Amino acid sequence: MQSSNERELVSGALPEILPRLWRFAMVLSGRRDVADDLVQATCVRALERAHQFQPGTRIDRWTFTILSSIWKNQLRSEKIRQGQGFVDPEDVLVEDGNRKIEANIFLQQVLKEVQALPEAQRVTVLLVYVEGLSYREASEVLDIPIGTVMSRLSSARASLGKLAKDTPSASGRTRKGS
(Lines give C-alpha, C1' and ligand atoms only; values in the text may rest on other atoms or scores of the structure.)
Protein backbone atom coordinates (compact mmCIF):
# COMPACT_ATOMS: atom_id res chain seq x y z
CA MET A 1 0.00 0.00 0.00
CA GLN A 2 1.23 3.44 -0.96
CA SER A 3 1.64 6.12 1.68
CA SER A 4 1.15 9.78 0.90
CA ASN A 5 4.78 10.44 1.93
CA GLU A 6 6.11 8.17 -0.81
CA ARG A 7 3.90 9.78 -3.42
CA GLU A 8 4.88 13.27 -2.23
CA LEU A 9 8.56 12.36 -2.38
CA VAL A 10 8.25 11.14 -5.98
CA SER A 11 5.93 13.93 -7.14
CA GLY A 12 8.23 16.52 -5.56
CA ALA A 13 11.29 15.19 -7.37
CA LEU A 14 9.74 14.77 -10.82
CA PRO A 15 9.74 18.45 -11.90
CA GLU A 16 13.47 18.71 -11.27
CA ILE A 17 14.35 15.69 -13.41
CA LEU A 18 11.86 16.26 -16.26
CA PRO A 19 14.45 17.86 -18.58
CA ARG A 20 16.80 14.92 -18.06
CA LEU A 21 14.01 12.42 -18.64
CA TRP A 22 13.05 14.23 -21.82
CA ARG A 23 16.66 14.23 -23.11
CA PHE A 24 16.90 10.52 -22.40
CA ALA A 25 13.62 9.89 -24.20
CA MET A 26 14.85 11.94 -27.17
CA VAL A 27 18.04 9.90 -27.34
CA LEU A 28 16.06 6.67 -27.27
CA SER A 29 13.31 7.60 -29.70
CA GLY A 30 14.76 10.38 -31.82
CA ARG A 31 11.34 12.02 -32.05
CA ARG A 32 9.89 14.86 -29.98
CA ASP A 33 6.34 13.52 -29.97
CA VAL A 34 7.44 10.07 -28.88
CA ALA A 35 9.76 11.57 -26.25
CA ASP A 36 6.89 13.63 -24.85
CA ASP A 37 4.71 10.52 -24.62
CA LEU A 38 7.49 8.51 -23.00
CA VAL A 39 8.10 11.15 -20.34
CA GLN A 40 4.39 11.45 -19.60
CA ALA A 41 4.01 7.68 -19.29
CA THR A 42 7.11 7.55 -17.07
CA CYS A 43 5.73 10.20 -14.71
CA VAL A 44 2.38 8.44 -14.47
CA ARG A 45 4.02 5.10 -13.76
CA ALA A 46 6.41 6.63 -11.20
CA LEU A 47 3.48 8.16 -9.35
CA GLU A 48 1.47 4.93 -9.51
CA ARG A 49 4.42 2.94 -8.20
CA ALA A 50 5.84 5.48 -5.76
CA HIS A 51 5.68 2.77 -3.09
CA GLN A 52 8.41 0.88 -4.99
CA PHE A 53 10.89 3.75 -4.78
CA GLN A 54 13.51 3.18 -2.10
CA PRO A 55 14.13 6.43 -0.19
CA GLY A 56 17.83 7.21 -0.05
CA THR A 57 18.43 5.93 -3.59
CA ARG A 58 18.63 8.06 -6.70
CA ILE A 59 15.22 8.87 -8.11
CA ASP A 60 16.71 9.86 -11.47
CA ARG A 61 18.09 6.36 -12.01
CA TRP A 62 14.79 4.84 -10.92
CA THR A 63 12.81 6.97 -13.37
CA PHE A 64 15.33 6.36 -16.17
CA THR A 65 14.78 2.65 -15.60
CA ILE A 66 11.02 3.12 -15.81
CA LEU A 67 11.38 5.12 -19.03
CA SER A 68 13.68 2.52 -20.54
CA SER A 69 11.23 -0.25 -19.65
CA ILE A 70 8.33 1.62 -21.24
CA TRP A 71 10.42 2.22 -24.38
CA LYS A 72 11.39 -1.47 -24.67
CA ASN A 73 7.76 -2.50 -24.21
CA GLN A 74 6.71 -0.11 -26.97
CA LEU A 75 9.34 -1.56 -29.30
CA ARG A 76 8.13 -5.09 -28.56
CA SER A 77 4.48 -4.21 -29.14
CA GLU A 78 5.31 -2.43 -32.43
CA LYS A 79 7.06 -5.55 -33.70
CA ILE A 80 4.11 -7.71 -32.67
CA ARG A 81 1.65 -5.34 -34.39
CA GLN A 82 3.78 -5.55 -37.52
CA GLY A 83 3.34 -9.32 -37.50
CA GLN A 84 6.88 -10.13 -36.44
CA GLY A 85 5.84 -11.99 -33.29
CA PHE A 86 7.53 -11.64 -29.93
CA VAL A 87 10.88 -9.92 -30.25
CA ASP A 88 13.44 -9.58 -27.51
CA PRO A 89 14.09 -5.84 -27.05
CA GLU A 90 17.84 -6.46 -27.08
CA ASP A 91 17.46 -7.68 -30.68
CA VAL A 92 15.65 -4.47 -31.59
CA LEU A 93 18.06 -2.22 -29.74
CA VAL A 94 21.08 -2.88 -31.92
CA GLU A 95 22.61 0.55 -31.38
CA ASP A 96 25.83 0.79 -29.44
CA GLY A 97 25.06 2.75 -26.26
CA ASN A 98 28.60 4.10 -25.93
CA ARG A 99 28.56 5.34 -29.52
CA LYS A 100 25.22 7.04 -28.89
CA ILE A 101 26.56 8.74 -25.77
CA GLU A 102 29.66 9.91 -27.63
CA ALA A 103 27.49 11.22 -30.46
CA ASN A 104 25.35 13.11 -27.96
CA ILE A 105 28.42 14.68 -26.36
CA PHE A 106 29.77 15.63 -29.79
CA LEU A 107 26.38 17.10 -30.73
CA GLN A 108 26.48 19.27 -27.61
CA GLN A 109 29.98 20.45 -28.58
CA VAL A 110 28.82 21.25 -32.11
CA LEU A 111 25.80 23.17 -30.82
CA LYS A 112 28.09 25.16 -28.54
CA GLU A 113 30.37 25.95 -31.48
CA VAL A 114 27.40 26.91 -33.68
CA GLN A 115 26.23 29.30 -30.95
CA ALA A 116 29.72 30.86 -30.95
CA LEU A 117 29.59 31.61 -34.71
CA PRO A 118 28.97 35.19 -35.78
CA GLU A 119 25.24 35.89 -35.99
CA ALA A 120 25.14 36.02 -39.81
CA GLN A 121 26.76 32.59 -40.08
CA ARG A 122 24.70 31.15 -37.24
CA VAL A 123 21.40 32.26 -38.81
CA THR A 124 22.44 30.94 -42.23
CA VAL A 125 23.48 27.58 -40.74
CA LEU A 126 20.13 27.36 -38.95
CA LEU A 127 18.10 28.10 -42.08
CA VAL A 128 20.00 25.76 -44.39
CA TYR A 129 21.12 22.87 -42.19
CA VAL A 130 18.48 22.80 -39.48
CA GLU A 131 15.39 24.13 -41.24
CA GLY A 132 16.33 22.53 -44.59
CA LEU A 133 15.98 25.63 -46.78
CA SER A 134 17.78 25.67 -50.10
CA TYR A 135 20.49 28.24 -50.68
CA ARG A 136 18.06 30.23 -52.82
CA GLU A 137 15.31 30.11 -50.16
CA ALA A 138 17.78 31.20 -47.48
CA SER A 139 18.97 34.07 -49.66
CA GLU A 140 15.36 35.20 -50.12
CA VAL A 141 14.58 34.95 -46.40
CA LEU A 142 17.72 36.88 -45.46
CA ASP A 143 17.45 39.25 -48.47
CA ILE A 144 21.07 38.62 -49.47
CA PRO A 145 22.67 37.25 -52.66
CA ILE A 146 22.93 33.47 -52.94
CA GLY A 147 26.72 33.84 -53.13
CA THR A 148 26.68 35.42 -49.68
CA VAL A 149 24.73 32.43 -48.33
CA MET A 150 27.32 30.10 -49.83
CA SER A 151 30.17 32.20 -48.43
CA ARG A 152 28.67 32.28 -44.92
CA LEU A 153 28.12 28.52 -44.97
CA SER A 154 31.67 27.93 -46.17
CA SER A 155 33.07 30.07 -43.36
CA ALA A 156 30.85 28.33 -40.81
CA ARG A 157 31.91 24.89 -42.07
CA ALA A 158 35.56 25.91 -41.81
CA SER A 159 35.05 27.03 -38.21
CA LEU A 160 33.11 23.88 -37.31
CA GLY A 161 35.61 21.71 -39.17
CA LYS A 162 38.29 22.76 -36.70
CA LEU A 163 36.16 21.22 -33.94
CA ALA A 164 35.90 17.92 -35.82
CA LYS A 165 39.67 17.77 -36.34
CA ASP A 166 40.36 18.37 -32.66
CA THR A 167 37.73 15.95 -31.28
CA PRO A 168 38.94 12.54 -30.05
CA SER A 169 37.68 9.60 -32.07
CA ALA A 170 36.41 6.38 -30.55
CA SER A 171 39.92 4.94 -30.74
CA GLY A 172 41.19 7.62 -28.38
CA ARG A 173 43.25 9.48 -30.99
CA THR A 174 42.27 12.85 -32.36
CA ARG A 175 40.99 12.87 -35.89
CA LYS A 176 43.83 15.19 -36.81
CA GLY A 177 46.32 12.46 -35.82
CA SER A 178 44.43 9.56 -37.39
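Higher on the page you've got the structure.
This structure is a prediction, so every number in the text was calculated from the model and none was measured.

This paragraph deals with the pattern of salt bridges. A full pass over the atoms with the stated rule returns two salt bridges. We note a salt bridge from Asp-60 to Arg-20, for which the minimum N-O separation is 2.9 Å. Residue Asp-60 is found in helix 3 (residues 59-81), and its partner Arg-20 is found in helix 1 (residues 4-29); the two are separated by 40 residues along the sequence. Owing to a relative accessible area of 33%, Arg-20 belongs among the partly exposed residues under this scheme. Its salt-bridge partner being Arg-31, residue Asp-33 comes within 2.6 Å of it at the nearest N-O pair. By relative accessible area, Asp-33 is classed as partly exposed at 39%. Accessibility expressed as a relative area gives 46% for Arg-31, which makes it partly exposed.

Attention now moves to the environment of Val-128. The topology assignment puts Val-128 in helix 6 (residues 119-130). Accessibility expressed as a relative area gives 10% for Val-128, which makes it buried. Separated by eleven residues in sequence, Val-128 and Ser-139 have C-alpha atoms that sit 9.9 Å apart. Non-local contacts of Val-128, meaning those with residues more than four positions away in its chain, are made with Leu-133, Tyr-135, Ala-138, Val-149 and Leu-153.

Relative to the assigned elements, Thr-124 resides in helix 6. For Thr-124, a relative accessible area of 0% gives the class buried.

The next thing to look at is helix 6. What helix 6 keeps buried is the set Gln-121, Thr-124, Val-125, Leu-127 and Val-128. Backbone geometry just downstream of helix 6 places Gly-132 in the positive-phi region, at approximately 80 degrees.

Scoring rules and cut-offs
- All residue numbers here refer to positions counted from 1 along the written sequence of the relevant chain.
- Residue-level local features of this predicted model are given only where pLDDT is at least 70; pairs of side-chain atoms are given and counted only at 80 or more, and the full residue set underlies all totals for whole chains, interfaces and linings.
- Side-chain measures here rest on the full set of heavy atoms in the structure, leaving out hydrogens and waters.
- In the sections that follow, a salt bridge refers to a side-chain nitrogen of Lys or Arg positioned within 4 Å of a carboxyl oxygen of Asp or Glu.
- Strands are runs of DSSP state E lasting at least 2 residues, helices are runs of H or I lasting at least 4, and numbering of each runs from the N terminus.
- A 1.4 Å probe rolled over the protein chains alone gives each residue an accessible area, and that area as a share of the maximum for its type sets the label: buried under 20%, exposed over 50%, partly exposed in between.
- Contacts are assigned to residue pairs with any non-hydrogen atoms lying within 4.5 Å of each other.

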